[in-house]
Amino acid sequence: MAVLQVKNLKKYFGKTKAVDDISFEINKGEIVGLLGPNGAGKTTTSQMLLGTLTPTAGEIFYFGEKFSDKNREILHKVNFSSAYIDLPWLLTVKENLNIYARLYEVKNRDKRIKKLLQEFEVWHLRKKAMSKLSAGQKTRVLLTKAFINYPRLLILDEPTASLDPEIAVKVRQFLVKQQKEYEVAMLFTSHNLMEVQGLCDRIIFLNKGKIIAHDTPLGLIRKLKKAKIEMIISQGKEVLEKYLKDRKIEFSWKKGKVFFSLDEKIIPKVLYQLSDQKVRYEEIEILRPTLEDFFLEIVKKT
Amino acid sequence: MNFNRVLAVIVRHFYTFKHNLNRLSDSFYWPAMDIILWGLTSQYIQKAGGEVSNLILVLLSGLVFWQIIWRGQYEISVNLLDELWNRNLVNLFSTPLTVNEWIMALILLGVIKMIGAIGFSILLVWLLYSVNLFTFGWLLIPFFISLLIVGWWAGLIVGGLLLRFGQRIETIAWSGVFLLAPFSAIYYPVSSLPSWAQKIAQIIPSSYIFEGMREVVQKGQISYINLTASFLLNLIYIALAYFFFKWCFKKSKEKGLARLE
């Protein structure tokens, strides 16, 4: 069953089409990445999903119910965290969480707050004012707030930004645990493409307000057929250059290495032909395309 | 001393002055307000001479009771600003919290804090000037309530404008309600205002409240006409202000609450 269904969602600011007719679904327990360059419409989409921005057109359904009709009931089961928001600075961590636990009508508030603060390893900061926390500590407190109401869907806008790698790994592990144990669905935006690749079941690519790609991380990468090849040539540089030029393959030299891209399927054939023409190499590295390559490629194209 | 750098610092603050309504209001709005309010009060005292009975009580009660309006307004608008300063508005309104619940919370908070603040002011007036504002006891209570309602609708209008235009007009959270002050006849009767200002005073509930309160203080009797007029006008204003606030919230959501933070 779809936890979230977005149908033909649009948001126009005057003539600017911030979000232009997008539709997608998120199923129970699924982590979906929302990626795109700056200004692609990710935050606009998140804000509409949270009800803090009114769509120009389109519909949002949570748990089969229309968001505009059952706004309050739905928001009891949804939460979010973003690197771009704060909690009142003068209040302590615990005071802030207590407020949000009350707003979501959480039972056994103290117990829930303690459990989450311990999970995110910030229990010792409970009496500290938000203004005294480092960026990484603040991010973890915001994540605690995001989980306070046992959400069934979480909207996470760069949740691991400003975390050091060790804590970021722990946070990712916690998210995966929540996904597996409680089937929490998540819509996840991040600029850390490695993180998205490792965490998300599906990825939606937005650019200029439109969905330009939608697939599993592997599915997206497979759409890029070309692999990058780096070689240190010990013999036959001229022969190699002629070979590549004849086949209109772009190449460049840097620090004694030649760089070019090839369709993965023809790599063995090319290497055989080069060897046959007495081209010898000391070192070869074949880099398979990553999500980052896909990201750069697709942004370049659009 | 490098005067290019001195000029750079001056230009830096001049730019802020140009863009920031707070600085403009500090320079022009407050001096103008003080001149109008205290000028009219002085004129009234000079004209009335010794005819005004309980003059100190009239002035001090005006000063203290104006606090009720100001506090009522302040609690709504400054607490809204506080959420903007803390970048907490999106957090709040992505929870099941409704706008009506939020308004109710701020109104109740305002009442609690107002009781404390007014109690403190009354005590201070008694300690410093030996003037007991409770001399007229319960007769003033209905006027207190009416004053509080003025504060609420003023707060809702100011809050609505803050939601619409954001922090760049934050100064109205403190200064907005003072636009009512000269026409509210806090320290002087409406009749001492210029005729054009009297017309404005007639459509403002606070003028009827302060006129009524002065009658209580000076004559020891309650003016039911002033009290009724203030409540009737308040009823209209609070309804309009509520719908204005809700409209501004709706409009603000069309542009996104996040843009305000």
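Every value quoted in this text rests on a predicted model; they were computed, and no experiment measured them.

**Details of the confidence of the model for chain B**
As a general rule, the predicted coordinates of low-pLDDT regions are not to be interpreted in detail.
Residue and element names in this part refer to chain B.
Turning to step 1, where the next piece is worked out: Averaged over all residues, the pLDDT of chain B equals 88, while 97% of them reach at least 70.
Turning to step 2, where the next piece is worked out: Taking the mean pLDDT of every element in chain B, the minimum, 83, falls on helix H2 (residues 21-48) and the maximum, 95, on helix H11 (residues 224-255).
Turning to step 3, where the next piece is worked out: Scoring of the predicted complex yields 0.84 for pTM and 0.81 for ipTM.

**Quick look at the interface of chain A and chain B**
Turning to step 1, where the next piece is worked out: Facing 18 residues of chain A, the contacting portion of chain B comprises 16 residues.
Turning to step 2, where the next piece is worked out: Those elements giving two or more residues to the side of chain A that touches chain B turn out to be helix H1 (42-50), helix H2 (71-75) and helix H3 (93-103) of chain A.
Turning to step 3, where the next piece is worked out: For the side of chain A that touches chain B, the per-class residue count stands at 11 nonpolar, 5 polar and 2 charged.

**Concerning the pairing of strand S8 (residues 185-189) of chain A**
All names here are of chain A.
Turning to step 1, where the next piece is worked out: When you tally the buried positions in S8, you get 5 out of 5 residues, the bulk of the element.
Turning to step 2, where the next piece is worked out: Examined bridge by bridge, strand S3 (residues 31-35) and S8 share 3 bridges and lie parallel to one another. Pairing of Ile-31 across the sheet is with Met-186, part of S8.
Turning to step 3, where the next piece is worked out: Here strand S7 (residues 153-157) pairs with S8 via 5 bridges, running parallel. From the neighbouring strand, Leu-154 faces S8, where its bridge partner is Met-186.

**Here we look at the domain arrangement of chain A**
Residues and elements named next belong to chain A.
Turning to step 1, where the next piece is worked out: For chain A, the assigned domains are domain 1 (2-221) and domain 2 (225-301).
Turning to step 2, where the next piece is worked out: For domain 1 and domain 2, the distance between their C-alpha centroids amounts to 41 Å.
Turning to step 3, where the next piece is worked out: Taken residue by residue, the interface counts 12 residues in domain 1 and 8 residues in domain 2.
Turning to step 4, where the next piece is worked out: Of all the secondary structure elements, the ones that give two or more residues to the side of domain 1 that touches domain 2 are helix H7 (193-199), strand S9 (202-207), strand S10 (210-215) and helix H8 (217-223).
Turning to step 5, where the next piece is worked out: Residues belonging to the side of domain 1 that touches domain 2 are distributed by class as follows: 10 nonpolar, 2 polar and no charged.

**Describing the environment of Glu25(A)**
Turning to step 1, where the next piece is worked out: Tracing the backbone through its elements, the reader meets Glu25(A) in strand S2 (residues 16-27).
Turning to step 2, where the next piece is worked out: Classification of Glu25(A) as partly exposed rests on a count of 16 C-beta atoms within 10 Å.

**Considerations on unusual backbone geometry**
All names here are of chain A.
Turning to step 1, where the next piece is worked out: One non-glycine residue, Glu-105, lies in the positive phi region at around 55°.
Turning to step 2, where the next piece is worked out: Positionally, Glu-105 belongs in the loop between H3 and helix H4 (109-119).
Turning to step 3, where the next piece is worked out: Classification of Glu-105 as exposed rests on a count of 11 C-beta atoms within 10 Å.
Turning to step 4, where the next piece is worked out: Located in the positive-phi region is Tyr-150, a residue other than glycine, with phi close to 50°.

**Re the nonpolar core**
Turning to step 1, where the next piece is worked out: Of all hydrophobic cores here, the largest spans 124 residues; its most connected members are Met186(A), Phe188(A) and Trp153(B).
Turning to step 2, where the next piece is worked out: Three or more residues apiece are contributed to this core by two domains, here domain 1 (2-221) and domain 2 (225-301) of chain A.
Turning to step 3, where the next piece is worked out: Here Met186(A) is in contact with Ile31(A), Leu154(A), Leu156(A), Leu175(A) and Gln179(A), once residues within four sequence places are set aside.
Turning to step 4, where the next piece is worked out: Formed by 5 residues, the second largest nonpolar core is a distinct cluster that contains Ile229(A), Met231(A), Ile233(A) and Leu240(A).

**A few points about the packing of helix H6 (residues 141-165) of chain B against H11(B)**
Packed helix pairs are characterised by how far apart their axes lie and by the angle those axes make with each other.
Residues and elements named next belong to chain B.
Turning to step 1, where the next piece is worked out: Closest axis-to-axis distance for the H6/H11 pair is 8 Å, and the angle between their directions is 20°. In terms of orientation, H6 lies roughly parallel with respect to H11. The hand of the H6/H11 crossing is left-handed.
Turning to step 2, where the next piece is worked out: Here the contact of H6 with H11 is built from residues that sort into 20 nonpolar, 6 polar and 2 charged.

Rules used in this analysis
- Sequence positions are assigned chain by chain, starting from 1 and proceeding in written order.
- Chain labels run from A onward and ligand labels from 1 onward, assigned in the order the entries are written.
- For a predicted model such as this one, the threshold for reporting local features is a pLDDT of at least 70, and the threshold for listing and counting side-chain atom pairs is 80 or more; totals across whole chains, interfaces and linings nevertheless cover every residue.
- The quantity called pLDDT is the predictor's confidence in a given residue, expressed from 0 to 100.
- Strands here mean DSSP runs of E at least two residues long; helices mean DSSP runs of H or I at least four residues long; both are numbered from the N terminus.
- With C-beta atoms placed from the backbone, a contact is any residue pair whose C-beta atoms sit within 7 Å.
- Residues were grouped as follows: Ala, Val, Leu, Ile, Met, Phe, Trp, Tyr, Cys and Pro as nonpolar; Asp, Glu, Lys and Arg as charged; and all remaining residues, including Gly, as polar.
- Comment: burial labels come from other C-beta atoms within 10 Å of the residue's own C-beta, placed from the backbone, where a count of 20 or more is buried, 12 or fewer is exposed, and between is partly exposed.
- Strands pair, by our definition, only if DSSP identifies at least two bridges between them.
- All domain edges in this entry derive from an automatic or database-based domain assignment.
- When buried Ala, Val, Leu, Ile, Met, Phe, Trp, Tyr and Cys residues are joined through C-beta atoms within 7 Å, the set is termed a nonpolar core.
- Note on definitions: angles span 0 to 180 degrees between N-to-C directions of axes, and those axes are lines fitted to C-alpha atoms, for helices only across the stretch in contact.
- For classification purposes, angles smaller than 35 degrees are called roughly parallel, those larger than 145 roughly antiparallel, those between 65 and 115 roughly perpendicular, and all remaining angles oblique.
- Working rule for handedness: look at the near helix, and if it is turned counterclockwise from the far one by less than a right angle, call the crossing left-handed; if clockwise, right-handed.

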